[in-house]
Amino acid sequence: MLLMAVLTAALLILPAFADTYILSVAILILYFAYLGQAWNVMMGFCGQLSLGHSLYVGVGAYVSAALFVHFGIQPWLGVWAAVLACMAAGAAIGVLAFRFGIGGVYFALLTIAFAEFTRIGFDHLRWVGGSGGFFLHVAQREFNDVLALRGSPAMFYYVMLVATVAAFVFCAWLLHTRIGYYWQAIREDPEAAQALGINTFRYKMLAIVISSGMSAFGGVFFAFYYNNLFPEQIFSMSRSIEIILGPIIGGIGTLFGPILGAAVLTVLAEGITELMAAFGWEIPGVKQVFYGACLLAVIVFVPRGIWPALARCLGLESRGKGPRDG
Amino acid sequence: MLEVCDLDLYYGDAQALDRVSLKVDDGSIVAIVGANGAGKSSLIRAIAGIEKPRSGQICFRGQDITGWESYRTCDLGIGQVAEGRQIFPSLTVQENLETGAMLHRARASRRRILTDVFTMFPPLAERRSQLAGTMSGGEQQMLAIGRCLMGRPEMIMFDEPSLGLAPTVVHEVFRAIRELNEKGMTILLVEQNVAVSLKLASQAYVLENGKIVMEGRGETLLTDDGIRRSYLGL
């Protein structure tokens, strides 16, 4: 309880003390924690492995950015369009996959395929800059404008903090509704779930639509925080992998896992980058090798992720148990 | 209660059920016996709506339910205890039971049924917050039956309830099935354990290569020479 209070206070006052670099790392952590939470809805709760979540982030980013640049529509409005577009994309993939009984590895391949051809599509979409990139005007502002997503890094930090907390609360609530029970039943044993009278198609659709809708906000945030979008970057497979590493390392299917995983990974990855800079080394791909090593370590030592192990040490019952080992 | 007429089921080109007809009366225990691969599980899955038959008709309480999705047949009162138990291993016992009680027909009386299930299977009450995957095979079978009961079924289909269980536990499971029947539950039982299921059943069907080759009262079939030779090794 005390720990939680201290942590909350620290999170709230962080921007007052942190320099720009620390703040940017904190924003990155929250960003990946949020997206990890969204991905976790599909995989952790419902057992549907998506390896193409960059699709929803990218579509969300491009929709809101295009509305802003071409029509001057502010992001607080654009975000709804982005969410709807991503839900539609998720629903389309879901109908295709779940109607025809595509599951497991084949479903994962399908999600990669969709992300890839969306990337290629955007590469050739001149209206939003094609492969040359799409840029948002950055205007110097004296005041933070949350609705326009224009302001200081501290404002972006608080926006992402609120989003991450909201996603956490939303997921915690979902897990305790009928939907959450049904998702877990489908994850554990799809056949048994069906035999129990669960409309597995409907609940799998619900998972993909909710997850993609949540991811859309991550994309909107990305667009207005970085102000530049390249299909090559935002839709790439490695983006999807970055999203899912957090929850896998933190603990699939748990509520704290995505947050903890994002924090651990981002801090360590930044640390390595710093270390390399300090020694003046420049080895391309070292981050990816590091991610691989982290994944290996987790699989070997704590197969259910860091959070369940940590929760046991702290004597906490982890709410929303993940799938069992193996 | 349940009437199946001329049911044909195919997996691709392979025929699993060949003009199968059977009748399950209200409050009875009907057994379907047969060797491995005779089509017993396919029949249950077709009735439950998990497999779609190519032709034929399935009626439950006079309503044609042929081709219905399984979530609709369950809500109509057809419960199923699937082969191999299929409990949810990383949910607790209580959570497993609750997933069974979320059908429209059961939601309101959830608490009462939970008490009933705990009374019927006391070990489940003791272990309500244990992860289901850490229980013994017999306890998992009890949980699977309990979870099915949570949906307030009017008829339960059991698929190989004794599979992979120790003999004493098998006895327990059959005792539970008889007890349910005495309380008025209609039961469709598919079993490889021919001797026990024929003894239990009021009416029985013998399935061979997807066809019903014999039917009659359980005790009558039990004394049939053909049955004794093929299934009881006598």
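What you see is a predicted model; the values in this text were computed from it and never measured.

A. Inspection of the confidence of the model for chain A at higher detail. In this model, chain A carries a mean pLDDT of 90, and residues with pLDDT of at least 70 account for 96%. Helix 1 (residues 2–17) of chain A is the least confidently modelled element of chain A, averaging 86 in pLDDT, while helix 9 (residues 200–226) of chain A averages 96, the highest of any element.

B. How the structure looks around the pairing of strand 3 (residues 29–33) of chain B. Residues and elements named next belong to chain B. In terms of residue burial, strand 3 counts as a mostly covered element, since five of its five residues are buried. Side chains I29, A31 and V33 project from strand 3 onto one buried face, and the interleaved V30 and I32 project onto a second face that is buried too. Pairing between strand 3 and strand 8 (residues 186–191): five bridges, direction parallel. If you follow V30 over to strand 8, its bridge partner there is L188.

C. Geometry of the packing of aromatic side chains. One pass over the full model with this rule turns up 25 aromatic pairs over all chains. Relative to F230 of chain A, the ring of F135 of chain A lies with its centre 5.6 Å away and its plane at 80 degrees, an arrangement referred to as edge-to-face. Taken as a pair, F135 of chain A in strand 1 (residues 134–135) and F230 of chain A in the loop between strand 2 (228–229) and helix 10 (231–234) lie far apart in primary sequence, 95 residues in all. R72 of chain B extends its terminal NZ or CZ atom over the ring of W68 of chain B, reaching a point 3.9 Å from the ring centre.

D. Quick peek at the sheet that holds strand 5 (residues 63–64) of chain B. Residue and element names in this part refer to chain B. Spatial strand order, 2-1-4-5: four strands in an open sheet with antiparallel pairing. Each of the sheet's edge strands pairs with one partner strand only, and the pair in question is strand 2 (14–24) and strand 5. Here seven bridges tie strand 1 (residues 2–11) to strand 2, and the two strands are oriented antiparallel to one another. Bridge pairing links Y11 to A14 in strand 2. On top of the sheet, helix 1 (residues 40–48) reaches strand 1, strand 2 and strand 4 (55–60); it is set at about 110 degrees to strand 1, its chief contact.

E. Structural detail: the nonpolar core. Residues and elements named next belong to chain A. Ranked by size, the top nonpolar core spans 90 residues in total, and within it W183 and L229 carry the most contacts. For this core, the element with the most residues is helix 2 (residues 20–45), which contributes 15 residues. Excluding anything up to four places from it in sequence, W183 contacts V41, F45, C46, L174, Y203, L206, A207 and I210.

F. Expanded view of the interface of chain B and chain A. The interface of chain B with chain A comprises 22 residues on the first partner and 21 residues on the second. For the pair chain B and chain A, the summed buried area comes to about 2200 Å², and 57% of that belongs to carbon and sulfur atoms. It is F88, S90 and M102 of chain B in chain B that bury the most area against chain A; as a group they hold 25% of the surface buried on that side. In this structure, the connection of chain B to chain A is made through one salt bridge. Between R45 of chain B and E191 of chain A there is a salt bridge, and its shortest N-O distance comes to 3.1 Å.

G. Structural context of a nonpolar patch on the surface. Residues and elements named next belong to chain A. On the surface, L12, I13, F17 and Y158 cluster together into a nonpolar patch covering about 440 Å² of accessible area. Per-element accounting of the nonpolar patch gives the leading share, three residues, to helix 1. On the secondary structure map, L12 appears in helix 1.

H. Representation of the domain arrangement of chain B. Residue and element names in this part refer to chain B. In terms of domains, chain B is made up of domain 1 (2–77 + 155–231) and domain 2 (89–153). Using C-alpha coordinates to define each centre, domain 1 is positioned 23 Å away from domain 2. Of the roughly 1200 Å² buried where domain 1 meets domain 2, counting both sides, 72% is carbon and sulfur surface. Broken down residue by residue, the surface that domain 1 buries against domain 2 is led by D75, I156 and L180, which jointly contribute 33%. Between the two partners, domain 1 and domain 2, sit zero salt bridges. Applying the counting rule to domain 1 against domain 2 returns four residue pairs in polar contact (both at pLDDT 80 or more). Elements represented by at least two residues in the side of domain 1 that touches domain 2 include exactly helix 2 (70–76), strand 7 (155–159) and helix 8 (167–182). The leading source of residues in the side of domain 1 that touches domain 2 is helix 8, at six residues.

I. Fine view of the sheet that holds strand 7 of chain B. All names here are of chain B. The sheet built from six strands is open, its strands ordered 6-7-8-3-9-10 with mixed pairing. Only two strands of the sheet have a single neighbouring strand rather than two, namely strand 6 (78–81) and strand 10 (211–217). Sheet twist, expressed as the average angle between the axes of neighbouring strands with direction ignored, equals 15 degrees. Summarising the sheet, strand 7 and strand 8 pair through five bridges and their orientation is parallel. Bridge pairing links M157 to L188 in strand 8. Of the strands in this sheet, strand 6 and strand 7 touch helix 7 (residues 137–149), which is tilted by about 170 degrees from strand 6. Each of strand 3, strand 7 and strand 8 touches helix 8; the most contacted strand, strand 8, lies at about 155 degrees to it.

J. Summary view of empty space enclosed by the protein. Tallying each qualifying case throughout the model produces four cavities of 30 Å³ or more. Here the largest cavity defines a volume of roughly 70 Å³. Breaking the lining of the largest cavity down by element, the ones donating at least two residues are strand 6 and helix 7 of chain B. With three residues, strand 6 of chain B is the largest single contributor of residues to the lining of the largest cavity. When its residues are assigned to classes, the lining of the largest cavity shows seven nonpolar, four polar and two charged. The volume enclosed by the second largest cavity comes to roughly 60 Å³. Together, A192, A195 and L196 of chain A together with Q80, V81, A82, R85, Q86, A144 and R147 of chain B line the second largest cavity. Broken down by secondary-structure element, the contributors of at least two residues to the lining of the second largest cavity are helix 8 (190–195) of chain A together with strand 6 and helix 7 of chain B. Looking at side-chain class alone, the lining of the second largest cavity contains six nonpolar, two polar and two charged residues.

K. Highlighting the packing of helix 4 (residues 75–99) of chain A against helix 5 (residues 104–123) of chain A. All names here are of chain A. The contact between helix 4 and helix 5 brings their axes to 11 Å, and the two run at 150 degrees. Looking at the two axes, helix 4 sits roughly antiparallel to helix 5. In this structure, the crossing between helix 4 and helix 5 has a hand that is right-handed. Taken together, the residues of helix 5 that come into contact with helix 4 (itself represented by I93, L96, A97 and F98) are F107, L110 and F114.

What counts and how
- Counting starts from 1 at the beginning of each chain's written sequence and moves along it residue by residue.
- Just so you know, chain letters begin at A and ligand numbers begin at 1, following the order they were written in.
- Local features in this predicted model are restricted to residues of pLDDT 70 or higher, and side-chain atom pairs are both shown and tallied only at a pLDDT of 80 or more, whereas totals for entire chains, interfaces and linings draw on every residue.
- Hydrogens and water are ignored here; the side-chain numbers use all heavy atoms of the structure.
- What pLDDT reports is the predictor's confidence in each residue, on a scale of 0 through 100.
- Numbering of helices and strands runs from the N terminus; a helix is a DSSP stretch of H or I covering at least four residues, while a strand is a stretch of E covering at least two.
- Relative accessibility under 20% of the residue-type maximum defines a buried residue, over 50% an exposed one, and the middle range a partly exposed one, all with a 1.4 Å probe and only protein chains included.
- Pairing between two strands requires that DSSP report at least two bridges joining them.
- By convention, a stacked pair of Phe, Tyr or Trp rings (six-membered ring in the case of Trp) has centres within 6.5 Å and planes under 30 degrees apart, an edge-to-face pair has planes over 60 apart, and any other such pair is tilted.
- Two conditions define a charge sitting above a ring: the NZ of Lys or the CZ of Arg must be within 6 Å of the ring centre, and it must be within 35 degrees of the ring normal.
- Between two residues, a contact is recorded if the distance between any of their heavy atoms is within 4.5 Å.
- Axes, fitted as lines to C-alpha atoms, cover a helix only where it is in contact. Angles between the N-to-C directions of the axes lie from 0 to 180 degrees.
- Grouping buried Ala, Val, Leu, Ile, Met, Phe, Trp, Tyr and Cys residues that are joined through side-chain atoms within 4.5 Å yields what is termed a nonpolar core.
- Reported buried area values correspond to the accessible surface (1.4 Å probe) lost by two parts on association, with both partners' losses combined.
- Put simply, a salt bridge is a Lys or Arg side-chain nitrogen that is within 4 Å of an Asp or Glu carboxyl oxygen.
- Each patch groups residues whose relative accessible area exceeds 30% and which form no salt bridge, using 9 Å between like charges and 5 Å between nonpolar side chains of Val, Leu, Ile, Met, Phe, Trp and Tyr.
- Each accessible area is a Shrake-Rupley estimate made with a 1.4 Å probe; only the visible protein chains count as cover when residues are assessed.
- What marks off one domain from the next here is an automatic or database domain assignment.
- We call two N or O atoms a polar contact when they sit within 3.5 Å, provided that within protein one can donate a hydrogen and the other can accept it, with sequence-adjacent residues counted only if both atoms are side-chain atoms.
- Buried and open spaces are told apart on a 1 Å grid over the protein atoms alone, a cavity being a set of points where a 1.4 Å probe fits but cannot get out and a pocket being an open set with protein on both sides within 12 Å along at least five of seven lines. Residues with an atom within 4 Å of a point are the lining residues.
- Grid points are joined across faces, edges and corners, and a volume is the space filled by probe spheres set on the points.
- Under the convention adopted here, Pro, Cys and the residues Ala, Val, Leu, Ile, Met, Phe, Trp and Tyr are nonpolar, Asp, Glu, Lys and Arg are charged, and Gly plus all remaining residues are polar.
- In this scheme, roughly parallel covers angles under 35 degrees and roughly antiparallel covers those over 145, while 65 to 115 is roughly perpendicular and the rest are oblique.
- Two helices that cross are described as forming a left-handed crossing if the nearer one is turned anticlockwise from the farther one by less than a right angle, and a right-handed crossing if clockwise.

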